[in-house]
Amino acid sequence: MAKTVRNKVAWIVFVLLAIGIGLYPLFYLVTSGEFGLLLGKDEAIRANEVWRIAFYGHIIFGGLSLLSGWSQFSKKLRAKNLNLHRNLGKFYVISVLASGLCGIYLGIYATGGIIASVGFISLGIVWLFTTILAYLAVRKKDLTLHQGMMIYSYAACFAAVTLRIWLPILTIVFGEFLLAYKIVAWLCWVPNMIFAHLWVRRKGLTLA
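This one's a predicted model, so the numbers in the text were calculated from it and none came from an experiment.

Notes on the overall build of the protein
Working step 1: Looking only at helices and strands, one finds 11 helices and 0 strands in the protein.
Working step 2: What you see for the protein is a C-alpha radius of gyration of 18 Å, in line with the 17 Å of a compact globule of 208 residues.
Working step 3: Across its three principal axes, the protein shows a C-alpha extent of roughly 50 × 35 × 35 Å.
Working step 4: For the protein, buried positions account for 39% of its 208 residues.
Working step 5: For the protein, contacts bridging at least 24 residues in sequence account for 70% of all contacts bridging at least 6.
Working step 6: Counting 20 positive and 6 negative side-chain charges, the protein places the centres of these two groups 26 Å from one another.

Considerations on unusual backbone geometry
Working step 1: A positive phi angle, close to 65°, is found at Lys-141, a residue other than glycine.
Working step 2: Of note, Lys-141 is situated in the loop between helix H7 (113-139) and helix H8 (143-157).

As for a nonpolar patch on the surface
Working step 1: Taken together, Val-5, Val-9, Val-13, Leu-17, Ile-165, Trp-166, Ile-169, Val-173, Phe-174 and Leu-179 make up a surface patch of nonpolar side chains, about 810 Å² in accessible area.
Working step 2: Elements supplying a minimum of two residues to the nonpolar patch: helix H1 (2-22) and helix H9 (159-174).
Working step 3: Looking at which element gives the most residues to the nonpolar patch, the answer is H9, with 5 residues.
Working step 4: In this structure, Trp-166 sits in helix H9.
Working step 5: Classification of Trp-166 as partly exposed rests on a relative accessible area of 33%.

Details of the nonpolar core
Working step 1: One finds Leu-66, Tyr-92, Phe-120, Tyr-154, Val-184 and Cys-188 to be the most contacted residues of the largest nonpolar core, which totals 41 residues.
Working step 2: Listing elements by their share of this core, those giving two or more residues are H1, helix H6 (82-107), H7, H8, H9, helix H10 (177-187) and helix H11 (190-202).
Working step 3: If one sorts the elements of this core by residue count, H8 sits on top with 9 residues.
Working step 4: Once residues lying within four places of it in the same chain are set aside, the contact partners of Val-184 are Leu-163, Trp-166, Leu-167 and Leu-170.

Examining the side chain of Ser-74
Working step 1: Assignment of secondary structure puts Ser-74 in the loop between helix H4 (49-69) and helix H5 (75-80).
Working step 2: Take Ser-74: its relative accessible area is 15%, and that puts it in the buried class.

Section: H8
Working step 1: With 15 residues, H8 should cover 21 Å at 1.5 Å per step; its first-to-last C-alpha distance of 20 Å lies within 8% of that length.
Working step 2: Counting buried positions along H8 yields 12 of 15 residues, so the element is predominantly enclosed.
Working step 3: Looking at H8, one finds that the buried residues are Leu-145, His-146, Gly-148, Met-149, Met-150, Ile-151, Tyr-152, Ser-153, Tyr-154, Ala-155, Ala-156 and Cys-157.

A few points about the packing of aromatic side chains
Working step 1: In this structure the tally under the stated criterion is 16 aromatic pairs.
Working step 2: Arranged with centres 5.6 Å apart and planes meeting at 40°, the rings of Trp-11 and Phe-14 form a pair that is tilted. Separated by 3 residues within a single helix, Trp-11 and Phe-14 lie in helix H1, roughly one turn from each other.
Working step 3: By relative accessible area, which is 32% here, Trp-11 ends up partly exposed.
Working step 4: For the ring pair Phe-14 and Phe-73, a centre distance of 6.5 Å and an interplane angle of 80° mean the geometry is edge-to-face. Of this pair, Phe-14 sits in helix H1 while Phe-73 is found in the loop between H4 and H5, placing the two residues 59 residues apart along the sequence.

Procedures and definitions
Residues numbered from 1 in each chain as written. Predicted model: local features only at pLDDT ≥ 70, side-chain atom pairs only at ≥ 80, totals over all residues. Heavy atoms only, no water. Helix = DSSP H or I, 4+ residues; strand = E, 2+ residues; numbered from the N terminus. Rg over C-alpha atoms; globule rule 2.2 N^0.38 Å. Buried < 20%, exposed > 50% of the residue type's maximum accessible area, 1.4 Å probe, protein only. Contact = heavy atoms within 4.5 Å. Lys, Arg positive; Asp, Glu negative; His and termini not counted. Charge placed at Lys NZ, Arg CZ, Asp CG, Glu CD. Patch = residues over 30% accessible without salt bridge, like charges linked within 9 Å, V, L, I, M, F, W, Y side chains within 5 Å. Areas by Shrake-Rupley, 256 points an atom, 1.4 Å probe, with all protein chains shown as cover. Salt bridge = Lys/Arg side-chain N within 4 Å of Asp/Glu carboxyl O. Core = buried A, V, L, I, M, F, W, Y, C linked by side-chain atoms within 4.5 Å. Expected span 1.5 Å × (residues − 1). Phe/Tyr/Trp six-rings, centres within 6.5 Å; stacked < 30°, edge-to-face > 60°.

The following block contains the structure:
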């Protein structure tokens, strides 16, 4: 009974965080002037039209990925409306492709230099790779591989959430945003992937 309650609470927190951060890009669209991470960028970068397109593409489609991706783990949704599950899955894949490609480009200009750049670029590559594998697997009706790769994919997607949890904590601990940002470029997703690996093993999903 206690385990069931814990699982329900964890699920509710998971969904609320996904929806909350998924809607976060709206602030960039409704706020006049520079906001959030834009404030930390050099004026020359902010004036770069390609960079701005990539930035908004990354946060908007990243938000859509968070908003649509969590539903793929709902057993009730799959059981009651398989077509909706499939359509949301396709929407998630398209959103990831757009956000992931923009994210890799943005990683080149990441605040914090090479350490942060490699961290965010690696995240983008992992996110794209696992999502594409998940899609190809379901096309081949390999549901085991599909489920496993979706767990890894959304763990990478959830880095948008964990980044916003870790960054203020690390900034307070180290008293310096730049150092915190270099660390969070890796901390926001590597533990997520470790958790995903443990989850995949627990579910007995053989990916070989």
